[in-house]
Amino acid sequence: SVAAEEQKFCLREVLDTFKSCLSENKEVYIEHYIAGWRGLVRFLNSLGSVFSFISKDAVNKIQILVNYINGENGSHYATIQSMVKYELENGLVDLNKRGSHPESGCRTLLRLHRALRWLELFLERLRTSTEDSKTSVMCAEAYNESLAQHHPWVVRKAAGMAFCVLPGRPTFFEVMNVGTPEQVVAMLGDALPLISEVYQITEELYSQHNLLQLP
Ligand code: 1PW
């Protein structure tokens, strides 16, 4: 049932899916990347309805990528590396301004990639936080250091308002459903290097191909 599914939610499992993202030669499987994002969206939704505006866009982006994977050229969308190669070689990416390919896989995944950096920075703050640390402040700091630079004023404003109503650290840890605060900290210590590696590999790939500013 849906209720049982929700009850089983545990952030450790979500972060573990990022483990399965990397192939032996360090390529990033899009299907697993998306599975990780699905879990993050479930987590966001469990924090309250204010976060549905944030998760909605992630859901849209996930769906665009799923459609590519299930489409007739799906085999090219196995990894981020194969997607970049395929879309660039076939002129399927709007490089300078939005035109005939406004929803390329490359630009869509770039949005999730930038949001992953936010997550990484936020979870790192959470990991090293103390009992009286404010989740809203940690979340806002992580946002300002990463995603905010890519968002227009309205979105920054709305995001700032959402952060203000984030539950406090104890509730936040409970929703994660990992165990005691000590277990949360240990879990984050395990998961963060993996998320960071997936982020770095994607960042380097995009940088090599000059794709970090795709419209
Ligand atoms: C507490 C855990 C945090 C996990 C990160 C959650 C994902 C953050 C998504 C923020 C989305 C805010 C509203 C949407 C803005 C879009 O305009 C923007 N999308 C993203 C993912 O940054 C850019 O996409 P666009 O408009 O160029 O298609």
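A brief structural summary. Given the structure is predicted, the values throughout are model-derived calculations rather than measurements. (Residues numbered from 1 in each chain as written. Predicted model: local features only at pLDDT ≥ 70, side-chain atom pairs only at ≥ 80, totals over all residues. Heavy atoms only, no water.)

Points about the overall build of the chain
- Summing up its helical and strand segments, the chain has ten helices and zero strands in all.
- Listed by position from the N terminus, the elements making up the chain come as α-α-α-α-α-α-α-α-α-α.
- Over its C-alpha atoms the chain spans a radius of gyration of 17 Å, differing by no more than 12% from the 17 Å that the globule rule assigns to 215 residues.
- Along the three orthogonal principal directions, the C-alpha set of the chain runs to about 50 × 40 × 35 Å.
- The 215 residues of the chain split such that 45% are buried.
- Sequence separation of 24 or more characterises 69% of the internal contacts of the chain that already satisfy a separation of 6 or more.
- In the structure as shown, the chain presents an accessible area of about 11300 Å², 51% of it carried by carbon and sulfur atoms.
- With 21 positive and 25 negative side-chain charges, the chain shows a spacing of 6 Å between the two charge centroids. (Helix = DSSP H or I, 4+ residues; strand = E, 2+ residues; numbered from the N terminus. Rg over C-alpha atoms; globule rule 2.2 N^0.38 Å. Buried < 20%, exposed > 50% of the residue type's maximum accessible area, 1.4 Å probe, protein only. Contact = heavy atoms within 4.5 Å. Areas by Shrake-Rupley, 256 points an atom, 1.4 Å probe, with all protein chains shown as cover. Lys, Arg positive; Asp, Glu negative; His and termini not counted. Charge placed at Lys NZ, Arg CZ, Asp CG, Glu CD.)

Some points on helix α4 (residues 52-70)
- Here α4 contains 19 residues, and its C-alpha end-to-end distance of 26 Å stays within 8% of the 27 Å for a straight helix at 1.5 Å per residue.
- When α4 is considered as a whole, its buried residues turn out to be I54, S55, A58, K61, I62, I64, L65 and V66. (Expected span 1.5 Å × (residues − 1).)

Some points on the nonpolar core
- Within the largest apolar cluster, 69 residues are counted, with the highest numbers of intra-cluster contacts made by Y33, I80, M83, L123 and M176.
- Sort the elements by how many residues they give to this core and helix α6 (residues 105-127) lands first, with twelve residues.
- Not counting the four nearest positions on each side in its chain, M176 is found in contact with F9, C10, L11, F43, L123, L126 and V184. (Core = buried A, V, L, I, M, F, W, Y, C linked by side-chain atoms within 4.5 Å.)

Quick notes on the site of the ligand
- Taken together, 15 residues lie near the ligand, and D57, K61, R107, R111 and H151 sit nearest.
- Between the ligand and H151, the relevant distance is 2.7 Å, taken from an oxygen atom to a side-chain nitrogen or oxygen of the residue.
- In isolation the ligand offers 690 Å² of accessible surface; the protein chains occlude 85% of this area.
- Residue assignment for the shell around the ligand shows that the elements contributing at least two residues are α3 (30-46), α4 and α6.
- Take the shell around the ligand: its biggest share by element is six residues, from α6.
- Partitioning the shell around the ligand into residue classes produces ten nonpolar, one polar and four charged. (Near = heavy atom within 4 Å. Polar contact = N/O pair within 3.5 Å; in protein donor to acceptor, adjacent residues only side chain to side chain. Nonpolar A, V, L, I, M, F, W, Y, C, P; charged D, E, K, R; others polar.)

Coordinates in, geometry out; function isn't part of it.
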